[in-house]
Amino acid sequence: MKLARKQLAAQIALYVVLIALAVVYIYPFLIQVGTSFKSDEEAASSGISLIPDVWTFAAYERLFAHSDFPLWFVNSTVITLCVTVGRAFFDSLAGYALARLQFRGRAVVFAALVAVMSVPTVVLLIPKFLVINQLGMFNSYAGMILPLLVDAAGVFIMKNFFESIPVSVEEQARIDGAGAFRLFWSVVLPMATPALTTIVILSFQGSWNELSHFIVSANDPSLTPLTKGVASLASGQLSQGTQYPLKLAAALIMTIPVAVMFFVFQRRIMNSTEGAVKE
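Because the structure is predicted, anything quoted here is derived from the model rather than measured.

Visitor: How would you explain the overall build of the protein if you had to name every residue and give the values?
Guide: When helices and strands are tallied, the protein shows 14 helices and zero strands. Over its C-alpha atoms the protein spans a radius of gyration of 24 Å, topping by over 25% the 19 Å that the globule rule assigns to 279 residues. Summarising its shape, the C-alpha atoms of the protein cover approximately 75 × 75 × 30 Å along the three principal directions. Within the protein, the proportion of its 279 residues that are buried is 35%.

So this is what it looks like as structure tokens:
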């Protein structure tokens, strides 16, 4: 009886701690939601209150009717969809090549891949700008999308997952005369759904929230994505005064697609045993 009471008390204490941590993390988000529906005056005077005294959609109306926010949203959507599809294809293709194909220098290529993963992104900004400008892709969708189509971490994830799939599952298709790409596309890739789902989620989140690359790849206002636009909005370049509701409304809308993407697919993130075949 005493042991059961101790276990119950430990569980209650654990839940109390978890609830407290959840409140700490969620409370700022709730403030953001509530403040986006406040007037400028109320937001400045009672910034941490959750429920507005007077609910107003003025911030959202100004964002969509009197700013370039819709254009920023469209630009981010186009870039994110292209990058997500591109990364899912090219990362899986490169991962399969490193996992299955035998060619001279494969170990060197993989070592270079791991080395690239350790290089801070900020170090590559100036070389990236020089290359994009030299190729004539500055201020274009091509310059904003093409450099993001492959990432070392995605190739690494796909390579490790493909190596966990037994080679024997490809033997029958190889006997029937299937080539390397047919084996990849029709046999192995359908089995890599867990890893592919992870790549899709990470690519969507990464490209949607990307900022530094867009700073060096374009300065045309018509190509401004959400991250640059909201950053300019937050720094006060596009408004006067604090205008907390306007800034937090923009940040809230920007958060929604990534949040929806994560909550829809969170259970499918890298279930490494799904689709596995035992020898």
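Visitor: Explain unusual backbone geometry to me, and be specific about the residues and the numbers.
Guide: Of note in the backbone geometry, N139 takes a positive phi value of approximately 60° without being a glycine. Of note, N139 is situated in the loop between α6 (125-134) and α7 (141-145). Take N139: its relative accessible area is 29%, and that puts it in the partly exposed class.

Visitor: Can you explain the layout of surface pockets? Please cite residues and give values.
Guide: Taken as a whole, the largest pocket holds about 580 Å³ of empty space. Forming the walls of the largest pocket are 25 residues, and the residues nearest its centre are R87, T121, V150, D151 and A152. Among the secondary structure elements, those contributing two or more residues to the lining of the largest pocket are α4 (69-100), α5 (106-117), α6, α8 (152-163), α11 (193-208) and α12 (212-217). For the lining of the largest pocket, the leading source of residues is α11, giving five residues. Counted as a void, the second largest pocket has a volume near 230 Å³. Elements with a contribution of two residues or more to the lining of the second largest pocket: α11 and α14 (244-265).

Visitor: Quick one: what's the story with α11, residue by residue and with numbers?
Guide: Helix length check: α11, at 16 residues, gives a terminal C-alpha distance of 22 Å against a target of 22 Å (1.5 Å per residue), a fit within 8%. Taken together, the buried positions of α11 are P194, A195, T197, T198, I199, I201, S203, F204, S207 and W208. Buried-residue contacts for α11 involve α4, α8, α12, α13 (226-234) and α14.

Visitor: Let's hear about the packing of aromatic side chains: which residues, and what values?
Guide: This structure, assessed with the given rule, holds 18 aromatic pairs. Seen in terms of ring centroids, Y96 and F184 are 5.4 Å apart; in terms of plane orientation they differ by 50°. Their pairing is tilted. Here the residue Y96 occupies a position in helix α4, and F184 occupies one in helix α10 (residues 180-188), the gap between them amounting to 88 residues. Each ring, one from F110 and one from F156, has its centre 5.9 Å from the other, and the planes form 15°; the classification is stacked. With F110 in helix α5 and F156 in helix α8, this pair connects stretches of sequence that are 46 residues apart. Residue classification places F156 among the partly exposed positions, given a relative accessible area of 27%.

Visitor: So what about the packing of helix α3 (residues 58-65) against α14? Which residues, and what values?
Guide: Closest axis-to-axis distance for the α3/α14 pair is 8 Å, and the angle between their directions is 70°. The angle between α3 and α14 falls in the class roughly perpendicular. α14 is crossed by α3, and the crossing has right-handed handedness. Packed against α3, whose contacting residues are A59, Y60, R62, L63 and F64, the element α14 presents P245, L246, A249, A250, L252 and I253 at the interface.

Visitor: Quick one: what's the story with the nonpolar core, residue by residue and with numbers?
Guide: Across soluble globular proteins, you tend to see nonpolar side chains buried next to one another. Grouped together as the largest cluster of nonpolar side chains are 20 residues, with contacts concentrated most on Y60, L63, F69, L226, V230 and A250. Elements represented by at least two residues in this core include exactly α3, α4, α11, α13 and α14. In terms of residues, this core owes the most to one element, α14, which gives eight residues. With 16 residues, the next largest nonpolar core counts V187, L189, A195 and I199 among its residues.

Rules and cut-offs
- Residues numbered from 1 in each chain as written.
- Predicted model: local features only at pLDDT ≥ 70, side-chain atom pairs only at ≥ 80, totals over all residues.
- Heavy atoms only, no water.
- Helix = DSSP H or I, 4+ residues; strand = E, 2+ residues; numbered from the N terminus.
- Rg over C-alpha atoms; globule rule 2.2 N^0.38 Å.
- Buried < 20%, exposed > 50% of the residue type's maximum accessible area, 1.4 Å probe, protein only.
- 1 Å grid on protein atoms, 1.4 Å probe; cavity = no way out; pocket = protein on both sides within 12 Å on 5 of 7 lines; lining within 4 Å.
- Points joined across faces, edges and corners; volume = space filled by probe spheres on them.
- Expected span 1.5 Å × (residues − 1).
- Contact = heavy atoms within 4.5 Å.
- Phe/Tyr/Trp six-rings, centres within 6.5 Å; stacked < 30°, edge-to-face > 60°.
- Axes fitted to C-alpha atoms, helices over the stretch in contact; angles between N-to-C directions.
- Parallel < 35°, antiparallel > 145°, perpendicular 65-115°, else oblique.
- Left-handed = near helix turned anticlockwise from the far one by under 90°.
- Core = buried A, V, L, I, M, F, W, Y, C linked by side-chain atoms within 4.5 Å.

Function cannot be read off these values alone, since they describe shape.
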